[in-house]
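Topology and contacts: notes
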Amino acid sequence: MAIQSNKTANEKLMIHEEGFWGAWLSKIMFTLISVKVWCLAASIVVSTMLLINNHITGAQWLTFNTTIWALILGMKEVFRIAEGRDKADSEILAQKGEQDAALMKLSQQPTDTNAPQMCADGTEIVGEDPDEL
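The paragraphs below set out a description of the structure included in this document. Just so you know, these numbers come straight off a predicted model, no measurement behind them.

**Describing the overall build of the chain**
From N to C terminus, the chain includes three helices and two strands. Starting at the N terminus and walking to the C terminus, you meet the elements of the chain as α-α-α-β-β. Taken over 133 residues, the chain has a buried fraction of 5%. Counting every atom, the chain has about 11900 Å² of accessible surface; 64% of that belongs to carbon and sulfur.

Below you can see the structure in the form of structure tokens.
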């Protein structure tokens, strides 16, 4: 099911806008397919079964599940920040590449050293005579 919207993929839809609920459902479905969700669910089920059968204590259950959730959600944020930095770095490199290309183009233009330098008013710029110094 393709959701068509006038907005780009990076822009967020508001709840009253057309396509919001389809995009929201799509996001939920992709999240449910995610391996992270299944790992979190499995860790909670297994640790709960161990707790019910008195193989671990409540403190161990809490520590284990809190640690797993913190690791997974923390790494998600780390990768989100890294992705933002990568995008910013690639934009900076692209701009620098454009500047370098412009400089190369300017440096490859032939310069006539015998041509007189002219002011904006049309008069010639004359340098100092080294013999008069």
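Having seen the model, we can carry on.
**With respect to unusual backbone geometry**
One non-glycine residue, asparagine 54, lies in positive phi territory at about 60°. Note that asparagine 54 resides in the loop between helix 2 (35–52) and helix 3 (58–108).

**Description of the side chain of serine 47**
You can see serine 47 is positioned in helix 2. On the accessibility criterion, serine 47 (3% relative accessible area) is buried. Of note is the side chain of serine 47, whose polar atom sits 3.1 Å from the backbone oxygen of isoleucine 44. Only 3.0 Å separates the side chain of serine 47 from the side chain of asparagine 65, close enough to count as a polar contact. Setting aside anything within four residues of it in sequence, one finds serine 47 in contact with Ile56, Trp61, Phe64 and Asn65.

About the criteria used
- Residues numbered from 1 in each chain as written.
- Predicted model: local features only at pLDDT ≥ 70, side-chain atom pairs only at ≥ 80, totals over all residues.
- Heavy atoms only, no water.
- Helix = DSSP H or I, 4+ residues; strand = E, 2+ residues; numbered from the N terminus.
- Buried < 20%, exposed > 50% of the residue type's maximum accessible area, 1.4 Å probe, protein only.
- Areas by Shrake-Rupley, 256 points an atom, 1.4 Å probe, with all protein chains shown as cover.
- Polar contact = N/O pair within 3.5 Å; in protein donor to acceptor, adjacent residues only side chain to side chain.
- Contact = heavy atoms within 4.5 Å.

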